[in-house]
Amino acid sequence: LIELPAPVLMAAGAVGSLITSLTRRPSLMSWAKAVEANHPDWVARPSPLPGYHPKWNLKNGFKDAVNWAVSQGLLKSNS
């Protein structure tokens with residue numbers, strides 16, 4: 001992880017928004033994303049829910065989703 005000072009992040013967001021407005025193509029960084037990332041209550045760590053026990057982990061859930069999409073003809077299988 002790289003921690004950026006808020007002014008640097010906001011400047012990157014402003015540049016991203018400017019590029020988007022000039023090129024009419026979406027950018028990964030924008031003013032809105034910079035504001036969102038600087039929000040004081042933004043948290044990116046899991047918080048356990050009492051009594052919740054997921055049936056699938058991320059790896060198996062993704063595998064099941066891909067298999068379903070292949071079975072529906074939405075994706076092609078490589079095997």
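This report concerns the structure included in the present document. All values reported here derive from a predicted model rather than from experimental measurement.

### Re the overall build of the protein chain
Point 1. Tallying secondary structure elements over the protein chain gives three helices and zero strands in all.
Point 2. Traced from its N-terminal end to its C-terminal end, the protein chain shows the element sequence α-α-α.
Point 3. A globule of 79 residues ought to have a C-alpha radius of gyration of about 12 Å, yet the protein chain, at 19 Å, is considerably larger.
Point 4. Dimensions along the principal axes, computed over C-alpha positions, put the protein chain at roughly 45 × 40 × 20 Å.

### Points about helix H3 (residues 58–71)
Each full turn of the α-helix corresponds to 3.6 residues, which orients residues three or four apart in the same direction.
Point 1. Across its 14 residues, H3 extends 20 Å between first and last C-alpha, which sits within 8% of the 20 Å expected from 1.5 Å per residue.
Point 2. For H3, the side-chain oxygen to backbone nitrogen distance between the N-cap and Lys59 is 3.3 Å, and the N-cap itself is Asn57.
Point 3. Within two residues after H3, Gly73 carries a phi angle of roughly 75°, on the positive side.

### A look at the environment of Phe62
Point 1. Structurally, Phe62 is set in helix H3.
Point 2. Separated by 61 residues in the primary sequence, Phe62 and Leu1 have C-alpha atoms spaced 25 Å apart.

### Re the environment of Val70
Point 1. One can find Val70 in helix H3.
Point 2. Classification of Val70 as partly exposed rests on a relative accessible area of 29%.
Point 3. Separated by 61 residues in sequence, Val70 and Leu9 place their C-alpha atoms 40 Å apart.
Point 4. The residues contacting Val70, other than those within four sequence positions of it, are Leu75, Lys76 and Ser77.

### Regarding the pattern of salt bridges
Close approach of charged atoms allows side chains of opposite charge to pair.
Point 1. Scanning the entire structure with this criterion turns up one salt bridge.
Point 2. We note a salt bridge from Glu36 to Lys33, for which the minimum N-O separation is 3.6 Å. Taken together, the residues span about one helical turn, with Glu36 and Lys33 both in helix H2 (residues 31–37) at a distance of three residues.
Point 3. On the accessibility criterion, Lys33 (44% relative accessible area) is partly exposed.

### Notes on helix H1 (residues 6–23)
Point 1. Its 18 residues give H1 an end-to-end C-alpha distance of 26 Å, which sits within 8% of 26 Å, the value for a rise of 1.5 Å per residue.
Point 2. When H1 is considered as a whole, its buried residues turn out to be Leu9, Met10, Gly13 and Gly16. Buried residues in H1, looked at end-on, bunch into an arc of 120°, giving them a common side. For H1, the exposed residues set more than 90 degrees away from the buried face come down to Pro7 and Leu22.
Point 3. Close packing links the buried residues of H1 with H2.

Definitions and cut-offs
Residues numbered from 1 in each chain as written. Predicted model: local features only at pLDDT ≥ 70, side-chain atom pairs only at ≥ 80, totals over all residues. Heavy atoms only, no water. Helix = DSSP H or I, 4+ residues; strand = E, 2+ residues; numbered from the N terminus. Rg over C-alpha atoms; globule rule 2.2 N^0.38 Å. Expected span 1.5 Å × (residues − 1). Polar contact = N/O pair within 3.5 Å; in protein donor to acceptor, adjacent residues only side chain to side chain. Buried < 20%, exposed > 50% of the residue type's maximum accessible area, 1.4 Å probe, protein only. Contact = heavy atoms within 4.5 Å. Salt bridge = Lys/Arg side-chain N within 4 Å of Asp/Glu carboxyl O. Arc of directions from axis to C-beta.

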